[in-house]
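Breakdown of the fold
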Amino acid sequence: MFTPPLDTLLVFMIGTPAIGWVIHKKGYPKVQGIYASAGLLVAAYFLYGLSREVSEKGIVLITGPPPFNPPLGACLQIDVFSVFMTMVYIIIGLFTTVYSIKFMERDSGLTEYYTLMLGMVAGMTGVVFAGDFFTLFVFWELMCLTSYALVAFRKQKWESIEAGFKYLIMSAAGSATILLAMSFLYGMTGTLNFAALADRLANTSSEGWLYITLALVIVGFGIKAAIVPFHTWLPDAHSAAPSPVSAMLSGVMVPTGACVLIRILLLVFSSAQPAWQMTLAIFAVFTMFGGNLMALLQNDLKRLLAFSTIAHMGYIVFGFAIASPEGLAASLFHIVNHAVMKSLLFLCAGAFIRQTKTRDLRKLKGIGKTMPMTSAAFTIGTIAIAAFPPLNGFWSEMMIITAGVRAEMIIFSALMLTNVALSVVYYFRLIRIIILEKPTKVSKKATKAPVLMLIPILVLAFLCVFIGVYPVPYIDASSKAAEAMLNIGAYIDVVLRGL
Amino acid sequence: MISLSYYIACAVVLYIIGMYCLASKRNMIKLVMGLEIMVNAAHVSFIAFSAYISPGYIDPLGHSVVIMSISFAGCVTALALVIVTYAYKHYKTLDVRKLRRLKW
């Protein structure tokens, strides 16, 4: 129907309720989690096959039969960038699903949980595979709906419901804004296909409407990408969601918003490029400062990590705003690094919270004595995300700053450097609290985290060190993905000339 | 024929009404209604454009997007009303200004 990885994810998503119903009769508790993880492994295998096809052909186009081929019908247009992002989604999704087998075992409604997780990964995959706005919107709504339900998952607690409602209203307003922007683009050109839009809008005459649509697109996708005036849902939603869900949201879903935004800006709005570059750069600076300054004031562990996500989205959007091959490659590499580091931090935070039942940093002091392996992994993640040299955060953040300097955006790069230095303050505060303080009553009662939760945590910590020590293959992969994003001529040719 | 700009003005006015409703109403169910109004603004715009793009012919692409989007808006509304129900159970009120326990 679609392409094999996406098909696998959708089939497993629909199969999970069937499995859940069957085992509900029999009574084996953990089969749904294992089924979901197996689904992600199969999808990863098919994705590997797809990536070899993409590296041979450049761009894989999947369309319907002749009356419905583009530019009229919908299509999936898969290039190196899509495969790159999907690899990140499936790997992080696999780790969080394995982690949630143990973490969520005492919750009810586990069938729905794994269905929604698979649905979210399927939605994100479809969003980066999409070749036109119709497909994009369908998978975007799939991703959004599943994430609303996952944030409000623990419905017995008031916090999840309040955070879930706030998130739903803001994000659905964003989707409505995206839909209005789509309608204006449709009105200007008569098509919704990305390649056809890029072709027809390249030398446009309707300047005013293009700028209005540009504003609507930036607002609509910016709400999901946590750009600063539109970020207020993020701290509440990421603290109130269950920790594996926070890891997925923070690590992969928020960068998806930025990825789709830059893809649309590069393809469709290429004639207004100076305008959106400066706009995105200014928003990025506000985002960095907003995230870092608010994180300094937090006493809640997950809320602090959520504000740190906002700051890192500022770095990523700044890299995208540079719009040169080095800037885009740096941002893509930072998305990979941030996904690894931030999901590691959220999974460790989940382990702490599960063992001590509190998120308050003042009560979690000294928990490193009673939970040594988790705290060691947490420390590695925090040092990595504070951009210290042998670990992976350093390489991507330095790449973004040097790309900014090379593209003559020196003031913005200086501001980003200030922000990176500022963020070290609260990251080291975290390390001091977790390792160096004396244990409180609450943290003395913590026991070690279970093995099934420790495996993803230790693998992610190992990845932080591994990518940091030898980043070259990952930088190459990000550069290829960035080149594919910038290769608009080839993108248009595949659809319109039928190559 | 009525010129296209009236339909687009109607769509923009609907969008602004929806946003005003989201910004200023207190009842949670009215907020969900405001969301629906915003989505319908985009629907009106799509239908208007699909009629006026090529004269004498109605483009089916606009209509297909609207059908798909109406079903998604229905799903979002259903989920939102479920969350409103649970919020009523926790907070005993439908006033969204009482949901302010999460700050800073």
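On a predicted model such as this, the values are computed, not experimentally measured, just so you know. Within each chain, residues carry numbers counting from 1 in the order of the written sequence. To label them, take the chains in the order written and letter them from A, then take the ligands in the order written and number them from 1. Owing to the predicted nature of the model, reporting of local features is limited to residues with pLDDT of at least 70; listing and counting of side-chain atom pairs is limited to 80 or more, with chain, interface and lining totals taken over all residues.

1. Focus on the overall build of chain A
- By definition, any uninterrupted DSSP run of H or I lasting at least four residues is a helix, any uninterrupted run of E lasting at least two residues is a strand, and each is numbered from the N terminus. The helix and strand inventory of chain A stands at 20 helices and two strands.
- In this setup the radius of gyration rests on C-alpha atoms only. A globule is expected at 2.2 Å times the number of residues raised to 0.38. Relative to a compact globule of 499 residues, whose C-alpha radius of gyration would be 23 Å, chain A shows 22 Å and is just as compact.
- Principal-axis analysis of the C-alpha atoms places the extent of chain A at approximately 70 × 60 × 40 Å.
- When burial is assessed residue by residue, chain A has 62% of its 499 residues classed as buried. The burial label depends on the number of other C-beta atoms within 10 Å of a residue's C-beta. Counts of 20 or more mean buried, 12 or fewer mean exposed, and intermediate counts mean partly exposed, with C-beta atoms placed from the backbone.

2. Quick notes on the overall build of chain B
- Each helix and strand in chain B was counted, giving three helices and zero strands.
- Ordered by position from the N terminus, the helices and strands of chain B form the series α-α-α.
- What you see for chain B is a C-alpha radius of gyration of 17 Å, clearly larger than the 13 Å of a compact globule of 104 residues, by over 25%.
- Of all 104 residues assigned to chain B, the portion counted as buried reaches 35%.
- Taking contacts inside chain B between residues at least 6 apart in sequence as the whole, the part at least 24 apart equals 51%. By the convention adopted here, residues are in contact when the distance between their C-beta atoms, placed from the backbone, does not exceed 7 Å.

3. Focus: the interface of chain B and chain A
- The interface is formed by 32 residues belonging to chain B together with 30 residues belonging to chain A.
- Mapped by element, the contributors of at least two residues to the side of chain B that touches chain A are α1 (4-24), α2 (28-52) and α3 (60-91) of chain B.
- Under the grouping applied here, Gly and all other residues not named as nonpolar or charged are polar, the nonpolar ones being Ala, Val, Leu, Ile, Met, Phe, Trp, Tyr, Cys and Pro and the charged ones Asp, Glu, Lys and Arg. Taken together, the residues of the side of chain B that touches chain A break down into 26 nonpolar, four polar and two charged.

4. What about unusual backbone geometry?
Residue and element names in this part refer to chain A.
- Backbone geometry places alanine 226, a non-glycine residue, at a positive phi of 60 degrees.
- Relative to the elements of secondary structure, alanine 226 occurs in the loop between α8 (207-224) and α9 (233-240).
- Taking the number of C-beta atoms within 10 Å as the measure of exposure, alanine 226 has 33 and is therefore buried.
- Phi angles above zero are rare outside glycine, and alanine 387 is one such case at about 65 degrees.
- Turning to its location among the elements, alanine 387 is positioned in the loop between α14 (372-385) and α15 (392-406).
- Residue alanine 387 is classed as buried on the basis of its 23 C-beta neighbours within 10 Å.

5. Here's the deal with the nonpolar core
- In this usage, the nonpolar core is the set of buried Ala, Val, Leu, Ile, Met, Phe, Trp, Tyr and Cys residues whose C-beta atoms join them within 7 Å. Counting 235 residues, the largest nonpolar core has Val151, Val317, Leu344, Cys348, Ile457 and Cys464 of chain A together with Leu35 of chain B as the members making the most contacts within it.
- Here the element with the most residues in this core is helix α13 (residues 325-356) of chain A; it accounts for 18 residues.
- Residues in contact with leucine 344 of chain A, not counting those within four places in the same chain, are Ala377, Gly381, Ile457, Leu460, Ala461 and Cys464 of chain A.

6. Some points on α1 of chain B
Residue and element names in this part refer to chain B.
- What a helix should span is 1.5 Å times the count of its residues minus one. Taking 1.5 Å of rise per residue, 21 residues should cover 30 Å, and α1 covers 31 Å from first to last C-alpha, within 8% of that figure.
- The set of residues buried in α1 consists of Ala11, Leu14, Tyr15, Gly18 and Leu22. Taken down its axis, α1 places every buried residue within 95 degrees of arc, on the same side. In α1, the exposed positions that point more than 90 degrees away from the buried face belong to Ser5, Tyr6, Ala9, Val13, Tyr20, Ala23 and Ser24. As used here, the arc belongs to the directions running from the helix axis to the C-beta atoms.

7. What about the packing of α2 of chain B against α3 of chain B?
Residue and element names in this part refer to chain B.
- Angular values range over 0 to 180 degrees, each being the angle between N-to-C directions of two axes fitted as lines to C-alpha atoms, with helices fitted over their stretch in contact. Across the interface, α2 lies against α3 with an axial gap of 10 Å and an inter-helix angle of 175 degrees. When the axis of α2 is compared with that of α3, the two are roughly antiparallel.
- A class-by-class count of the residues in the contact of α2 with α3 yields 16 nonpolar, six polar and one charged. Any angle that is under 35 degrees is reported as roughly parallel, and any over 145 degrees as roughly antiparallel; angles of 65 to 115 degrees are reported as roughly perpendicular and all others as oblique.

8. Description of α9 of chain A
Residue and element names in this part refer to chain A.
- Counting buried positions along α9 yields eight of eight residues, so the element is predominantly enclosed.
- Along α9, the residues classified as buried are Trp233, Leu234, Pro235, Asp236, Ala237, His238, Ser239 and Ala240.
- Against the buried residues of α9 lie α5 (133-151), α6 (158-189), α10 (243-267) and α12 (301-322).

9. Section: the packing of α5 of chain A against α3 of chain B
- At a closest axis distance of 11 Å, the pairing of α5 of chain A and α3 of chain B adopts a crossing angle of 5 degrees. Considering their axes alone, α5 of chain A and α3 of chain B lie roughly parallel with respect to each other. Residue-level contacts link Phe134, Val138, Glu141, Leu145, Tyr148 and Ala149 of chain A of α5 of chain A to Val65, Met68, Phe72, Cys75, Val76 and Leu79 of chain B of α3 of chain B.
- Across the contact of α5 of chain A with α3 of chain B, the residue classes tally to eleven nonpolar, no polar and one charged.

10. What to know about the pairing of strand β2 (residues 75-78) of chain A
All names here are of chain A.
- The alternating pattern of β2 places Cys75 and Gln77 on one face and Leu76 and Ile78 on the opposite face, and all of these are buried.
- DSSP-based pairing: two strands are paired if at least 2 bridges between them are found. As defined by bridge partners, strand β1 (residues 60-63) adjoins β2 across four bridges and the pair is classed as antiparallel. Paired with isoleucine 62 across the two strands is leucine 76, which belongs to β2.

11. Let's talk about the environment of phenylalanine 378 of chain A
Residue and element names in this part refer to chain A.
- Position of phenylalanine 378 relative to the elements: it lies in helix α14.
- For the pair phenylalanine 378 and phenylalanine 352, spaced 26 residues apart in the sequence, the C-alpha separation amounts to 10 Å.
- Those residues in contact with phenylalanine 378 that lie beyond four places of it in its chain are Leu345, Cys348 and Ile434.

12. Brief notes about the environment of valine 65 of chain B
All names here are of chain B.
- The topology assignment puts valine 65 in helix α3.
- We classify valine 65 as buried; it has 24 C-beta atoms within 10 Å.
- Considering only alpha carbons, one finds valine 65 and methionine 28, 37 residues apart in sequence, at a separation of 28 Å.

13. Considering the environment of threonine 111 of chain A
All names here are of chain A.
- With respect to the element layout, threonine 111 can be found in helix α4 (residues 110-129).
- Counting along the chain gives 92 residues from threonine 111 to isoleucine 19, while the straight-line C-alpha distance between them is 8.2 Å.
- The residues contacting threonine 111, other than those within four sequence positions of it, are Thr16, Pro17, Gly20 and Gln32.

14. Digging into the confidence of the model for chain B
- Each residue carries a pLDDT value, the predictor's own confidence for that position, ranging from 0 to 100. Predicted confidence across chain B gives a mean pLDDT of 91, with 98% of residues reaching 70 or more.
- Predicted complex metrics record ipTM = 0.96 and pTM = 0.94.

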